Amino acid sequence: MEKLQYISQGNTMQEQELHIRNALDNGIQWVQVRWKNAPENELISLCETSKKLCSEYQAVCIINDHVQIAKEIDAEGVHLGLDDCSVDEARLVLGENSIIGGTANTLSDVIRRIKEPCDYIGLGPLRFTTTKEKLSPVLGFEGYRNIVEGLKDRSIEIPKIFAIGSVNPEDILPLQEIGIYGVAVSGIITRQPAIINELKKVMI
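Peer 1: Explain the overall build of the protein chain to me, and be specific about the residues and the numbers.
Peer 2: Scanning the protein chain from N- to C-terminus turns up 9 helices and 8 strands. Here the C-alpha atoms of the protein chain give a radius of gyration of 16 Å, agreeing with the 17 Å that 2.2 N^0.38 yields for 204 residues. Each of the three principal axes of the protein chain carries a C-alpha extent, and together these read 45 × 40 × 30 Å. Within the span of the protein chain, comprising 204 residues, buried residues form 51% of the whole. Summed over its atoms, the accessible surface of the protein chain is roughly 9900 Å², and 47% of this surface lies on carbon and sulfur atoms. Each charge class in the protein chain can be summarised by its mean position, and for the 21 positive and 29 negative side chains these summaries are 3 Å apart.

Peer 1: Lay out the nonpolar core in plain terms, naming residues and giving numbers.
Peer 2: Within soluble globular proteins, side chains that are nonpolar tend to cluster in buried spots. Membership of the largest hydrophobic core comes to 58 residues, with the highest contact counts inside it found for L4, I28, L123, Y144, V183 and I189. Of the residues forming this core, the biggest block, 5 residues, is contributed by helix α2 (residues 40-56). Every residue in contact with I28, bar those within four places of it in the chain, is listed here: L4, Q5, Y6, A23, A59, I189, I196 and K200. Among the nonpolar cores identified, the runner-up in size contains 7 residues, and W30, V60, Y120 and F162 belong to it.

Peer 1: Tell me about the pattern of salt bridges, residues and numbers included.
Peer 2: Any two side chains of opposite charge can pair, on the condition that their charged atoms come close. Going through the model one piece at a time under the given rule, you end up with 9 salt bridges. Linking E17 and R21 is a salt bridge whose minimum nitrogen-to-oxygen distance equals 3.0 Å. With E17 and R21 both in helix α1 (residues 13-25), this residue pair falls 4 residues apart, about one helical turn. The partner of R127 in a salt bridge is D171, with the nearest N and O atoms 2.7 Å apart.

Peer 1: Explain the packing of helix α5 (residues 107-115) against helix α6 (residues 140-153) to me, using residue names and the numbers behind them.
Peer 2: Direction vectors running N to C along α5 and α6 enclose 55°, while the axes themselves pass 9 Å from each other. The pairing of α5 with α6 is recorded here as oblique in orientation. Read as a crossing pair, α5 and α6 show a hand that is right-handed. Only I147, G150 and L151 of α6 make contact with α5, whose side of the interface consists of L107, V110, I111 and I114. By residue class, the composition of the contact of α5 with α6 is 6 nonpolar, 1 polar and no charged.

Peer 1: Account for the sheet that holds strand β3 (residues 60-64), with residues named and values stated.
Peer 2: The 8 strands lie next to each other as β1-β2-β3-β4-β5-β6-β7-β8, forming a closed barrel whose pairing is parallel. Strand after strand, the sheet turns through a mean of 25° between neighbouring axes, direction not considered. Taken together, the 4 bridges between strand β5 (residues 99-104) and strand β6 (residues 120-123) define a ladder with parallel strand orientation. By the bridge assignment, T103 is partnered in β6 with G122.

About the thresholds
- Residues numbered from 1 in each chain as written.
- Predicted model: local features only at pLDDT ≥ 70, side-chain atom pairs only at ≥ 80, totals over all residues.
- Heavy atoms only, no water.
- Helix = DSSP H or I, 4+ residues; strand = E, 2+ residues; numbered from the N terminus.
- Rg over C-alpha atoms; globule rule 2.2 N^0.38 Å.
- Buried < 20%, exposed > 50% of the residue type's maximum accessible area, 1.4 Å probe, protein only.
- Areas by Shrake-Rupley, 256 points an atom, 1.4 Å probe, with all protein chains shown as cover.
- Lys, Arg positive; Asp, Glu negative; His and termini not counted.
- Charge placed at Lys NZ, Arg CZ, Asp CG, Glu CD.
- Core = buried A, V, L, I, M, F, W, Y, C linked by side-chain atoms within 4.5 Å.
- Contact = heavy atoms within 4.5 Å.
- Salt bridge = Lys/Arg side-chain N within 4 Å of Asp/Glu carboxyl O.
- Axes fitted to C-alpha atoms, helices over the stretch in contact; angles between N-to-C directions.
- Parallel < 35°, antiparallel > 145°, perpendicular 65-115°, else oblique.
- Left-handed = near helix turned anticlockwise from the far one by under 90°.
- Nonpolar A, V, L, I, M, F, W, Y, C, P; charged D, E, K, R; others polar.
- Pairing = 2+ DSSP bridges.

The following block contains the structure:
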């Protein structure tokens, strides 16, 4: 599984598509299409376009929240928030081979995600971010460390956890040293898609 995910950004379909194209042009191999409050027909159109683009670049296309759209466009999988449908329900729709990721903010969330089980966990936020309207409590490095230690104390194998929430290049190594698998990045790649190579270089 790729260690660097791009979560799409943009207020219009044109902005979203442009940012996804820029990320793919600069070497991203994993795109999560995320467009909250979008008109449904435009969201479907964006997802269809994104899947085609990802296929051209041999990149993974994940759809945020919308299981049915993910099925209709034959995306590689879906990312579910804590209040979205269950992982089991998503698997029934998408099939056993689909990638299903889940959001988490606390140790109990992570344990729930492991039990469900989902394929990877988006854990955050690392720090304050403007890309999420309903922001969970900020974890900071100490929060990630405490969660990883909490799993070890319970003899639970550390899953593939992606840090999210205003992650910068200099955060990657400290996070991976804590035991975090990878990072999901939105703002910095949207603003500077050329930074993708720098992010990849510092990954263990």
